[in-house]
Amino acid sequence: MTAPIEVTGSETQAQPDAVLEGIEGKAIQGRSLGQIAWLRLKRDKVALAGGIIVILLILMAIFAPLVVKLLGHPPNEFHQDLIDPTLGGPTSSLGGMNGDFLLGLEPGNGRDLFSRIVYGARVSLLVGFMATLVAVVIGTVLGVVAGYFGGWVDWVIARLMDIFLAFPLLMFSIAVVGVLPDKWLGLEGNGLRMAILIFIIGFFSWPYIGRIVRGQTISLREREFVDAARSMGARSPYILFREILPNLVAPILVYSTLLIPTNILFEAALSFLGVGISPPTPAWGSMLTDAIRTYQIAPYFVVIPGMAIFITVMAFNLFGDGLRDALDPRSNR
Amino acid sequence: MIAFILRRLGGAVLLVFIISAVTFLIFFGLPKLAGTTTDDMAARFAGKSPTPEALAAIKERFGFDQPLAVQYGNFVKAAVTGDTYDTGVEKIDCPAPCLGYSFRTNQSVTDQLVDRFPITLSLVVGAAVIWLLVGVSIGVLSALRRGSLFDRAAMMIALAGVSLPIYFTGLLSLAFVVHQWGLLPPVSYSSFADNPFKWASALILPWITLAFLYAAMYARLTRAGMLETMSEDYIRTARAKGLPERTVITKHALRASLTPLLTVFGLDIGLLFGGAVLTERTFSLKGLGSLALDGVVGSDLPVVLGTVVTASLFVVVANLIVDLLYGVVDPRVRHS
């Protein structure tokens, strides 16, 4: 695939980077969009740092049992001998932080905060990624259909997106999660909770992808290469999948990278409100709910899960911004 | 102009109808789909340990065994004309607009909404003033000094701001500003009419916390809008005809780049009026968001349904106002 997001001229036209290197005496060579994007991304140190943190977080979540085995204690093991029984905080200073408990102890039960953070990453990242996947699938299908077919189909889908974007999301999600039963479709407990969270978050965030895909499809539909395919007798499915969809890969990639942190925040918010993952499974949002009760005796207990959410979301945002700049030749840099 | 207003008004009514129908369908259709019996539904409405007679009366009263369309019709009718609930023990009157009656708290949902709304209103209005002033001015300054140290620092802080969950910044400021350092009084709500000073000082922290997030978003939006406007042809024309830069910015660039913000602002305000759930939960303020949350936790379905429908009503009304304002600000909209 060689076409950039916005094909500004014919495809043989030299890209700016290629021109620069041509001046330096090298032969002008054609580069794919991926190569150009990678060249630009390599120069964006901030975005790269974000990307590296994202990769480390994913590895940490995947290998959570191993990481905890090496560096911590089981996430649901109580260490009440290390907790001051009258105050509820750890007996040692710094919230019980030391070589044994890297991030200190939870007030009250004295569970190892480090391993709860590591395991909490699993919930956040899994829900964040899967919900974004749901959103991308719905958003791409509806966006392409709306943009390509136009007419009343477009009108209905566009209004639908308006309604979704103007919905009191958080209120609605807590209400929906609240009325759903504990067992459904053969799932129960946190498995069901997780599935519900993924579905609800994905279902409410598809319009963000849908709007962008629709806009891009409308402009691609009028391009010469689509006209050419049509004049050669190509049918709609062929044009959709072979001519239009490949050109949508870049924007979808960028906006889904930027949607992941939003969805991670969404999951954390639901867990914070007590309608997300239920205890004792560790989730960053619900750790902060516990912190409401204990911030007066243990302010560090606010800082640690909060920073975990912040670092994760910030890393995704930095990487996503960088990716957008790298893939979109028109963006302001 | 009148045709324009009527068209928008019609659209808004339709939207409220759709949203309330969907909400209703989810609360009454989804549990059915998942195998909840009508007895379970009645139990969710009945409150703690109801008598069998009360349960049967509620089942009968709400018609849980009737088709969903009929149930929805009853809900709309009650909202418009009021309703009387007969629990078998007593008759409870619920005047219009009746959004249901909570048997758990023995209060009509409308009364509870009216009780809680001033808290959410105070929280959101105070925060909105701060975030508009701070967010928009930082965005404009950043765009005008693009690439400067100020711009880069401000945009880095703004990116951090949108990545920080409000309950994190809220709890952090509670733990340190209020508890450790004692710089501000504990957060609480007292009526503005009683003592404006006390009202403001006990809400400063939630205002700043909420405003920080939105100021960060608005700064980013304003900057992007300003940069786009400043590269328009008519800005070049304005400069070319010799207008001073100040006039170009205030008269030409600002107006065009701030109108799109109106849409965003309307939507945000509408959403928050319906309940600033996270902020209210963080600071233990008993606004509309807390009401919905209490309803969910205590499985008090009428309250949940009532708050969600009210929340969507706020969004629709806010959107309608923005649409009408747009018609005033931007004449192109009226005729499209």
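Calculation rules
- Each chain has its residues counted from 1, following the order in which its sequence is written.
- All chains are assigned letters beginning with A, and all ligands numbers beginning with 1, in the order in which they are written.
- In view of the model being predicted, local features appear only for residues whose pLDDT reaches at least 70, and side-chain atom pairs are presented and counted only at 80 or more, with totals across whole chains, interfaces and linings using the full set of residues.
- Side-chain numbers here rest on the full set of heavy atoms in the structure, without hydrogens or water.
- Numbering of helices and strands runs from the N terminus; a helix is a DSSP stretch of H or I covering at least four residues, while a strand is a stretch of E covering at least two.
- Relative accessibility under 20% of the residue-type maximum defines a buried residue, over 50% an exposed one, and the middle range a partly exposed one, all with a 1.4 Å probe and only protein chains included.
- Areas reported as accessible are Shrake-Rupley estimates using a 1.4 Å probe. Residue values count occlusion only from the protein chains shown.
- Each domain's extent was defined by an automatic or database domain assignment.
- Here, residues are in contact when the closest pair of their heavy atoms is within 4.5 Å.
- Summed over both partners, the accessible area lost on bringing two parts together, with a 1.4 Å probe, is the buried area.
- By definition, a salt bridge exists where a carboxyl oxygen of Asp or Glu is found within 4 Å of a side-chain nitrogen of Lys or Arg.
- We call two N or O atoms a polar contact when they sit within 3.5 Å, provided that within protein one can donate a hydrogen and the other can accept it, with sequence-adjacent residues counted only if both atoms are side-chain atoms.
- Polarity classes work like this: nonpolar for Ala, Val, Leu, Ile, Met, Phe, Trp, Tyr, Cys and Pro, charged for Asp, Glu, Lys and Arg, and polar for all others, with Gly in that last group.
- Take the residue count of a helix, subtract one, and multiply by 1.5 Å to get its expected span.
- Bend, in this description, refers to the angle at a residue between axes fitted to the seven residues ending there and the seven starting there.
- Axes here mean lines fitted to C-alpha atoms, for a helix over just the part in contact, with angles spanning 0 to 180 degrees between N-to-C directions.
- Each angle is binned into one of four classes, with values under 35 degrees roughly parallel, values over 145 roughly antiparallel, values of 65 to 115 roughly perpendicular, and all other values oblique.
- Each crossing gets its handedness from the near helix: less than a right angle anticlockwise from the far helix is left-handed, clockwise is right-handed.

1. Points about the overall build of chain B
Consideration 1: Within chain B, the secondary structure is distributed over 15 helices and four strands.
Consideration 2: The buried share of chain B, reckoned over its 336 residues, is 49%.
Consideration 3: Accessible surface computed for chain B: about 16000 Å², of which carbon and sulfur atoms make up 66%.

2. Observations concerning the domain arrangement of chain B
Residue and element names in this part refer to chain B.
Consideration 1: By domain assignment, chain B separates into domain 1 (2–109) and domain 2 (111–334).
Consideration 2: Domain 1 puts 26 residues into the contact, and the matching count from domain 2 is 25 residues.
Consideration 3: With both sides pooled, the region where domain 1 packs onto domain 2 buries about 2400 Å², and carbon together with sulfur makes up 73% of that total.
Consideration 4: With its nearest N and O atoms 2.9 Å apart, the salt bridge here joins D323 to R8.
Consideration 5: Put simply, domain 1 and domain 2 have six residue pairs in polar contact (both at pLDDT 80 or more) between them.
Consideration 6: Going through the elements one at a time, helix 1 (2–33), helix 2 (38–46), strand 3 (101–102) and strand 4 (107–108) are the ones with two or more residues in the side of domain 1 that touches domain 2.
Consideration 7: For the side of domain 1 that touches domain 2, the leading source of residues is helix 1, giving 14 residues.
Consideration 8: By residue class, the composition of the side of domain 1 that touches domain 2 is 16 nonpolar, six polar and four charged.

3. Quick look at unusual backbone geometry
Consideration 1: For B:S284, which is not glycine, the phi dihedral falls at a positive 50°.
Consideration 2: Locating B:S284 in the fold gives a position in the loop between helix 12 (277–282) and helix 13 (288–297).

4. Observations regarding the interface of chain B and chain A
Consideration 1: Between chain B and chain A, the residue contacts involve 50 residues of the former and 44 residues of the latter.
Consideration 2: The contact between chain B and chain A buries some 4000 Å² in all, and 81% of this surface belongs to carbon and sulfur atoms.
Consideration 3: Considering only the surface of chain B that becomes buried against chain A, B:Y167, B:F168 and B:L171 emerge as the three largest contributors, covering 15% of it.
Consideration 4: Where chain B meets chain A, there are two residue pairs in polar contact (both at pLDDT 80 or more).
Consideration 5: Elements with a minimum of two residues in the side of chain B that touches chain A: helix 1, helix 6 (149–163), helix 7 (166–180), helix 9 (204–230), helix 11 (245–273), helix 12, helix 13 and helix 14 (301–329) of chain B.
Consideration 6: Broken down by element, the side of chain B that touches chain A gets its largest block of residues, nine residues, from helix 7 of chain B.

5. Digging into helix 7 of chain B
Consideration 1: Counted at 1.5 Å a residue, the expected span for helix 7 of chain B with its 15 residues is 21 Å, and the 20 Å between its end C-alpha atoms agrees.
Consideration 2: Along helix 7 of chain B, the sharpest change in direction is near 25° and occurs at B:S173.
Consideration 3: Here helix 7 of chain B lies mainly inside the structure; eleven of its 15 residues are buried.
Consideration 4: Taken together, the buried positions of helix 7 of chain B are occupied by B:I166, B:Y167, B:F168, B:T169, B:G170, B:L171, B:S173, B:L174, B:A175, B:V177 and B:V178.
Consideration 5: Against the buried residues of helix 7 of chain B lie helix 10 (236–272), helix 11 (284–294) and helix 12 (300–327) of chain A together with helix 9 and helix 12 of chain B.
Consideration 6: Immediately beyond the C-terminal end of helix 7 of chain B, within one or two residues, lies B:G182, with a positive phi of roughly 60°.

6. So, the packing of helix 7 (residues 169–179) of chain A against helix 8 (residues 189–221) of chain A
Residues and elements named next belong to chain A.
Consideration 1: As a packed pair, helix 7 and helix 8 sit with axes 11 Å apart at the nearest point and diverge in direction by 150°. The angle between helix 7 and helix 8 places the two elements in the roughly antiparallel class. Pair helix 7 / helix 8 crosses with right-handed handedness. Taken together, the residues of helix 8 that come into contact with helix 7 (itself represented by L169, F172, S173, V176 and V177) are R193, I196, I200 and F204.

7. Points about helix 6 of chain B
Note that an α-helix has 3.6 residues per turn; residues three or four places apart therefore point the same way.
Consideration 1: The first and last C-alpha atoms of helix 6 of chain B sit 21 Å apart over 15 residues, in line with the 21 Å expected at 1.5 Å per residue.
Consideration 2: Those residues of helix 6 of chain B not exposed but buried are B:D151, B:A154, B:M155, B:A158, B:L159, B:A160, B:G161, B:V162 and B:S163.
Consideration 3: In the core, the buried residues of helix 6 of chain B are packed alongside helix 10 and helix 12 of chain A together with helix 5 (109–144) and helix 9 of chain B.

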